[in-house]
Amino acid sequence: MPEQTPRPTVEADPAAPRPTLESVAERAGVSRATASRVVNGGAGVREALREKVQRAVEELGYLPNLAARTLVTRRNHAVAVVVAEPGSRLFSDPFFAQHLRGIGRELSAADNQMVLMMVEDQYDYERVGRYLAGGHVDGALLFSLHQPDPLPQMARKVGLPFVVGGRPGWPGAESDRQLVYVDSDNRGGARLAVGHLRSLGRGTIATITGPLDQTSALDRLDGYRDVLPDGDPALVAEGDFTPDGGGRAMAELLARRPDLDAVFAASDAMASGALRVLREAGRRVPEDVAVVGFDDVESIAAWTEPPLTTVRQDIEEMGRLMARLLLRRLDVTGPDRVPATGLRSGGPTSVITPTRLVRRASA
């Protein structure tokens, strides 16, 4: 087979004037208006003409003027992702890495930029509010909210479309037909975890909750209580979704109820801290104390000693779903690809992802 001759490439002259939309139109043999519609993603252009314009853009190395594009489309092609957590936690907890990966991939596929914002303390709300009101982004994804949190009301006040990560817990949310959120089956997953521990014959089952100003922590505590409605309050200790918080809560539980023989930790990070404290206390896992976590975070559960039995939620997919739902509200994704399970008449649109138990060596 004869060797193909590569197409010649023309290197851009740094001193040459920047290609304009007019030069693209001239190269493609179309009007400026047609070239503009193609470059800005508009409809109503025949496929043959669209291909000519795209070829001209590539050949000339044309880069759209984003400011002008925004004026034409009235969109910034940017989405704010606001995480109500300090940077120290955001960048150390692999849960957030998986969540942001899902969001980032979905936004990139729709040619949108992700603008990441964090709330370290109360002073940051004013800064974030100014940015959201400034017309820099087309919408917002809000997650890891603590109650009460002003972020949803701030976005709503400036007319910015938004999607919430996690079941909303503020007053009136359950009847808000404009509200959209994505969550996992936290309560059902907790029931799976505690039911599994009971099936192993464990009789004194403790739990380490997340911060109880977050609905995910409340729902997982409710799932624990569904299985153990008459449980001893001394077997419940509050953590903060971090390894250190899990360790402190585990030490509290051992001091209160040294006879405990199982622990359900409401996150893998807290379970890892609990395992460390149990090991230091001379308790064997799972022989003396069985441990189950929640999340199935890829960089924690399989690497603890022993590997952690946990409840899996699809963290990356939840991020993807949040982004998809927002893009659908902005009308930029075409056909609806979101299964709106949990949609209720008169209430918010909710997408609830399933959970399942992943058995490893800790229980």
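Look a little higher up for the structure.
Residues numbered from 1 in each chain as written. Predicted model: local features only at pLDDT ≥ 70, side-chain atom pairs only at ≥ 80, totals over all residues. Heavy atoms only, no water.

Engineer: What is the right way to read the side chain of His146 from this model?
Structural biologist: Turning to its location among the elements, His146 is positioned in the loop between strand E3 (139-143) and helix H8 (151-157). A polar contact is formed between the side chain of His146 and the side chain of Glu85, at a distance of 2.8 Å. Beyond its immediate sequence surroundings of up to four residues, His146 is in contact with Ala84, Glu85, Pro211, Asp213 and Gln214. (Helix = DSSP H or I, 4+ residues; strand = E, 2+ residues; numbered from the N terminus. Polar contact = N/O pair within 3.5 Å; in protein donor to acceptor, adjacent residues only side chain to side chain. Contact = heavy atoms within 4.5 Å.)

Engineer: So what exactly am I meant to see when it comes to helix H11 (residues 243-256) here?
Structural biologist: Along an α-helix, residues three or four positions apart point the same way, because every turn accommodates 3.6 residues. The end-to-end C-alpha distance of H11, which contains 14 residues, comes to 20 Å, matching closely the 20 Å that a straight helix rising 1.5 Å per residue would cover. Inspection of H11 places Gly245, Gly246, Gly247, Ala249, Met250, Leu253 and Leu254 among the buried residues, and these make up the whole buried set. Structurally, H11 contributes buried residues whose contacts are with strand E6 (205-209), strand E7 (236-238), strand E8 (262-265) and helix H12 (268-280). (Expected span 1.5 Å × (residues − 1). Buried < 20%, exposed > 50% of the residue type's maximum accessible area, 1.4 Å probe, protein only.)

Engineer: It is not clear to me how empty space enclosed by the protein should be interpreted in this structure. Could you clarify?
Structural biologist: Gaps left between atoms show up when a probe the size of a water molecule is rolled over them. Across all of its chains, the model carries 2 cavities of 30 Å³ or more by this definition. A volume near 390 Å³ is recorded for the largest cavity. Taken together, 30 residues line the largest cavity, and the ones lying closest to its centre are Phe95, Ser144, Gln214, Ser216 and Phe241. By residue class, the composition of the lining of the largest cavity is 12 nonpolar, 12 polar and 6 charged. (1 Å grid on protein atoms, 1.4 Å probe; cavity = no way out; pocket = protein on both sides within 12 Å on 5 of 7 lines; lining within 4 Å. Points joined across faces, edges and corners; volume = space filled by probe spheres on them. Nonpolar A, V, L, I, M, F, W, Y, C, P; charged D, E, K, R; others polar.)

Engineer: Sorry, what's going on with the pattern of salt bridges here?
Structural biologist: Side-chain pairing between opposite charges can occur once the charged atoms of the two side chains come close. Within this structure, the stated rule accounts for 26 salt bridges. For Asp124, the salt bridge is made with Arg127, and the minimal N-O distance between the two is 3.3 Å. Within this pair, Asp124 and its partner Arg127 are both found in helix H7 (residues 123-133), separated by 3 residues, close to a single helical turn. Put simply, Asp226 and Arg187 hold a salt bridge, and the shortest N to O gap is 2.8 Å. In this pair, Asp226 is assigned in helix H10 (residues 215-227) and Arg187 in helix H9 (residues 186-199), connecting sequence segments 39 residues apart. Exposure remark for Asp226: the relative accessible area of 33% places this residue in the partly exposed category. Through salt bridges that share partners, Arg101, Arg105, Glu298 and Glu316 make up one connected network. (Salt bridge = Lys/Arg side-chain N within 4 Å of Asp/Glu carboxyl O.)

Engineer: Quick question: what am I supposed to make of the pairing of E8 here?
Structural biologist: Regular strands have side chains that alternate between both faces of the sheet. Side chains Ala262 and Phe264 project from E8 onto one buried face, and the interleaved Val263 and Ala265 project onto a second face that is buried too. Bridging between E8 and strand E9 (residues 290-295) involves 3 bridges; their strand directions are parallel. Counterpart to Ala262 in the pairing with E9 is Ala290. In terms of handedness, the path from E8 via H12 over to E9 forms a crossover that is right-handed. (Pairing = 2+ DSSP bridges. Right-handed = clockwise from strand over helix to strand, strands pointing away.)

Engineer: Explanation requested: the sheet that holds strand E2 (residues 113-118) in the structure shown.
Structural biologist: The pairing of strands in a sheet happens through backbone hydrogen bonds and is either parallel or antiparallel. Spatial strand order, E2-E1-E3-E4-E5-E11: 6 strands in an open sheet with parallel pairing. Looking at which strands have only one partner, the edges of the open sheet turn out to be E2 and strand E11 (349-353). Recorded for the sheet is a direction-independent mean angle of 20° between the axes of neighbouring strands. Of the pairings in the sheet, the one linking strand E1 (residues 78-83) to E2 comprises 6 bridges and is parallel in character. What sits directly across from Val81, in E2, is Leu116. In this fold helix H6 (residues 94-109) packs onto E1, E2 and E3, with an angle of close to 150° to the strand it touches most, E2. (Axes fitted to C-alpha atoms, helices over the stretch in contact; angles between N-to-C directions.)

Engineer: What's the story with unusual backbone geometry in this structure? I'm lost.
Structural biologist: Peptide bonds are, in most cases, trans, and in most cases residues other than glycine have a negative phi. In this model, Gln147 is joined to Pro148 through a cis peptide bond whose omega is -10°. Within the secondary structure, Pro148 is located in the loop between E3 and H8. Cis rather than trans, the peptide bond between Val285 and Pro286 has omega equal to 10°. Notably, Asp111 is not glycine yet its phi reads approximately 60°, a positive angle. The residue Asp111 is located in the loop between H6 and E2 in this model. Residue class for Asp111 comes out partly exposed when judged on its relative accessible area of 45%.

Engineer: Sorry, what's going on with the sheet that holds strand E10 (residues 309-313) here?
Structural biologist: Taking strand neighbours across the sheet as the criterion, the 6 strands line up as E7-E6-E8-E9-E10-E12 in an open arrangement whose pairing is mixed. Both edges of this open sheet fall to E7 and strand E12 (355-358), since each of them pairs with a single strand only. For this sheet, the mean inter-axis angle between neighbouring strands, taken without regard to orientation, is 20°.

Engineer: Just checking my understanding: could you explain H9 for this structure?
Structural biologist: Compared with an ideal rise of 1.5 Å per residue, which puts 14 residues at 20 Å, H9 spans 20 Å between its outermost C-alpha atoms and is within 8% of the ideal. Following H9 by one or two positions, Gly201 has its phi on the positive side, about 90°.

Engineer: Mind showing me how you'd approach the side chain of Thr207 here?
Structural biologist: With respect to the helices and strands, the residue Thr207 is situated in strand E6. The class for Thr207 is buried, based on a relative accessible area of 1%. Of the polar contacts made by the side chain of Thr207, one reaches the backbone oxygen of Phe264; its length is 2.9 Å. Leave out the neighbours within four places in its chain, and Thr207 touches Leu221, Tyr224, Leu235, Val236, Ala237, Leu253 and Phe264.

Engineer: I would appreciate a short explanation of the environment of Arg312 in the present structure.
Structural biologist: Note on placement: Arg312 falls in strand E10. Other than its neighbours up to four places away in sequence, Arg312 contacts Asp295, Asp296, Pro354, Thr355, Arg356 and Val358. Polar side-chain contacts of Arg312 include one of 3.5 Å to the side chain of Asp296.

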